[in-house]
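# Commentary on secondary and tertiary structure
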Amino acid sequence: MVLRNVYLLRRSWPRILELMYWPTVQMILWGFITLFFVNHSSWVAQATGILISAVLLWDVLFRGQLGVSVIFLEEMWSRNLGQLFVSPLRPIELIGALFTMSLIRTIIGVGGASLIAIGLFHYSIYDLGLPLIAFFANLIVMGWSIGLVVSGTVLRYGLGAESLAWISVFAVQPISGVYYPIDVLPPWLQHVAFVLPSSHVFEGMRAVLIDHTFRTDLLFNALVLNVFYLGGGIIAFLRFFRAARIGGQLVHVGE
Amino acid sequence: MPNPVITVERLTKRFDDITAVDEVSFSIAQGSTAALLGGNGAGKTTTLAMLLGLLIPSQGRVSIFGEDMLRHRYRVLPRMNFSSPYVDLPHRLTVRENLTVYARLYGLPHIKPRLARLAHELDLEGIFNRTYGQLSSGQRTRVALAKALLNQPELLLLDEPTASLDPDSADYVRSYLETYQADSGATILLASHNMSEVERLCDDVMMLRAGKIVDRGTPRSLLDRYGRQNMEEVFIDIARERYLELGGEPRKAAK
């Protein structure tokens, strides 16, 4: 049995990556959180609203990505892809369906959690007002983009890469400034953070909650970046799809 | 051949250093029932996958209803359908739900009466509201056939259409296919290991070995050529390369 799993591990780089992934990401994330609170203890007083908003908005990104990836994985698990792609369904139509299902699942999941937050903590994320719609839209579009890249990767490299669906989005969490401002990051990492739409959204969220200001410049940055992210995600998925048609992965779905 | 439904020219598929299909050429006449016959790994499923556009050939051309499948497959797919034991349907959906999804994908205008008719003809009424995952393999084969017949295809590609069926059910399915073909004038191409099925249904048999068509003819002409009583003996002759004694070289199938 050990040998069987060694064979599997040796042949699948995503499985090896997964082994190192969680400890590294968690260590980085909580390291930055600690660093921030050591120097800004006054934040703790406002932390409830900020942290709950951050957690809920982060979940929009996570559920948006997971909605696309898991729905796609369901088709692979049930060996249904071959049936789907001999029907008149075009890949771009499948992408549209994945986005729709992801939106529904995210609204149900995050919507439910936001109502629980009102009951438990007397905090309503809906107090953010109209900016909440802008935050939600930008985060879910970014999640869709990552979800498409993950789905394409699993299609091309097989179900051995499926764990990417659950872990990939966490790669951007430490540098998205979900729980702390971007200026906590080292300067070189701040440059990386600002090419993520999510970092602009979470900066914008803090501006609304702390300064009671809606930063249109941050919204504009997130929108422009998301145009590139979504375009890139769709192109990547279509390229992986074509590679799968060359490699035979639509016929033989597996590890 | 006047108005062939399928025209294949020098179709080749290589996976790294393995040539799964090797410069195969053939045409199939409208309204005929043809078979790709060969042992495991002969290239039957790979050939069908290229005809369907699930797999992009390394070289060669596939034309169906006069349309190039690489460039215009979405013009052709609504007019054809496919069934194979190598693909499946979502296990957690009921038979009715699965067939409804595919009926919508094919854009059927009157879904309920079509489903009712197929359920009656393929004896699915008793299992229509059961989830696909609960079905026996024989029941699943009948559901897959129902899915393949949803859009009343002019071209039906079937990979081992009676796999997993008991002799009585297999006979029923073969009779159904004969009736469907006679009533609709559809063209059927099937890949099979089942010699009696091929003998009964097909008027054109292509024998595949190691990715090449090594012989072709009606079941009667093949029996005469090899001096055998049934197709199973012909199959064994070809598996043991007796065609080389008859023709010297693997033959190219006649157009």
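Coordinates for the structure precede this section.
All values reported here derive from a predicted model rather than from experimental measurement.

Cut-off values and rules
Residues numbered from 1 in each chain as written. Chains lettered and ligands numbered in written order. Predicted model: local features only at pLDDT ≥ 70, side-chain atom pairs only at ≥ 80, totals over all residues. Helix = DSSP H or I, 4+ residues; strand = E, 2+ residues; numbered from the N terminus. Contact = placed C-beta atoms within 7 Å. Rg over C-alpha atoms; globule rule 2.2 N^0.38 Å. Buried ≥ 20, exposed ≤ 12 C-beta atoms within 10 Å, placed from the backbone. Axes fitted to C-alpha atoms, helices over the stretch in contact; angles between N-to-C directions. Parallel < 35°, antiparallel > 145°, perpendicular 65-115°, else oblique. Left-handed = near helix turned anticlockwise from the far one by under 90°. Nonpolar A, V, L, I, M, F, W, Y, C, P; charged D, E, K, R; others polar. Pairing = 2+ DSSP bridges. Arc of directions from axis to C-beta.

## Considering the overall build of chain A
Within chain A, the regular secondary structure consists of 10 helices and zero strands. Ordering the α and β elements of chain A from the N terminus gives α-α-α-α-α-α-α-α-α-α. Relative to all contacts within chain A whose residues are 6 or more apart in sequence, the contacts with residues 24 or more apart total 79%.

## Digging into the overall build of chain B
A count of helices and strands for chain B gives 10 helices and 10 strands. Taking 18 Å as the expected radius of gyration for a compact globule of 255 residues, we find that chain B reaches 18 Å, a close match to that expectation. Projecting the C-alpha coordinates of chain B onto the three principal axes gives extents of approximately 55 × 40 × 35 Å. Put simply, chain B has 255 residues, and 44% of those count as buried.

## A short note on the packing of helix 6 (residues 131-157) of chain A against helix 10 (residues 216-247) of chain A
Residues and elements named next belong to chain A. Close contact between helix 6 and helix 10 brings their axes to 8 Å; oriented N to C, the two are set at 20 degrees. In terms of orientation, helix 6 and helix 10 fall into the roughly parallel class. Like other packed secondary-structure pairs, helix 6 and helix 10 cross with a definite hand, here left-handed. Here the residues of the contact of helix 6 with helix 10 are counted per class, giving 19 nonpolar, eight polar and one charged.

## What to know about the sheet that holds strand 8 (residues 187-192) of chain B
All names here are of chain B. Judged by pairing direction, the sheet is mixed, and its six strands sit side by side in the order 6-7-8-3-9-10 without closing on themselves. The outermost strands of the open sheet, each flanked by one partner alone, are strand 6 (80-83) and strand 10 (212-217). When strand polarity is set aside, the average angle formed by the axes of neighbouring strands in this sheet is 15 degrees. The pairing of strand 3 (residues 33-37) with strand 8 spans five bridges and is parallel.

## Let's talk about the environment of Gly233(A)
Residue and element names in this part refer to chain A. By the secondary structure assignment, Gly 233 is in helix 10. For the pair Gly 233 and Thr 213, spaced 20 residues apart in sequence, the C-alpha to C-alpha distance is 32 Å. Filtering out sequence-adjacent residues up to four positions away, Gly 233 remains in contact with Trp 144, Ser 145, Leu 148 and Val 149.

## A closer look at the pairing of strand 2 (residues 18-29) of chain B
Residues and elements named next belong to chain B. Bridge analysis of strand 1 (residues 4-15) against strand 2 gives eight bridges, and the strand direction is antiparallel. Bridge pairing links Lys 13 to Val 21 in strand 2. Hairpin connection of strand 1 to strand 2: two residues between the antiparallel strands, including Asp 16 at a positive phi of 55 degrees.

## Brief notes about the interface of chain A and chain B
Interfaces are often described in size by the accessible area the parts lose on coming together. Listed per partner, the contact involves 16 residues of chain A and 21 residues of chain B. Looking at the side of chain A that touches chain B, the elements that each hand over two or more residues are helix 4 (81-84) and helix 10 of chain A. Taken together, the residues of the side of chain A that touches chain B break down into seven nonpolar, six polar and three charged.

## Describing unusual backbone geometry
Residues and elements named next belong to chain B. Positive phi values are uncommon outside glycine, yet Arg 10 reaches one of about 50 degrees. With respect to the helices and strands, the residue Arg 10 is situated in strand 1. We classify Arg 10 as partly exposed; it has 13 C-beta atoms within 10 Å. The backbone of Gln 152 shows a phi angle near 45 degrees, a positive value even though the residue is not glycine. Tracing the chain through its elements places Gln 152 in the loop between helix 5 (137-149) and strand 7 (155-159).

## Regarding the packing of helix 9 (residues 197-211) of chain A against helix 10 of chain A
In helix packing, the relevant descriptors are the interaxial angle and the interaxial distance, both defined with respect to the helix axes. All names here are of chain A. Two elements in contact, helix 9 and helix 10, have axes separated by 8 Å at closest approach and are oriented at 160 degrees. Viewed along their axes, helix 9 and helix 10 adopt a mutual orientation that is roughly antiparallel. Our pair here, helix 9 against helix 10, has a crossing hand that is left-handed. Here Pro 197, His 200, Val 201, Glu 203 and Gly 204 of helix 9 lie close against helix 10, whose contacting residues are Leu 218, Leu 219, Asn 221, Ala 222, Leu 225, Asn 226 and Tyr 229.

## Thoughts on helix 8 (residues 219-226) of chain B
Every α-helical turn comprises 3.6 residues, leaving residues that sit three or four positions apart pointing alike. Residue and element names in this part refer to chain B. Of all the residues in helix 8, the buried ones are Pro 219, Leu 222 and Tyr 226. Buried positions in helix 8, seen along its axis, are confined to an arc of 65 degrees and lie on one side of it. In helix 8, the exposed residues that point more than 90 degrees away from the buried face are Arg 220, Ser 221 and Asp 224. Those residues of helix 8 that are buried are in contact with helix 7 (195-201), strand 9 (204-209), strand 10 and helix 9 (231-239).

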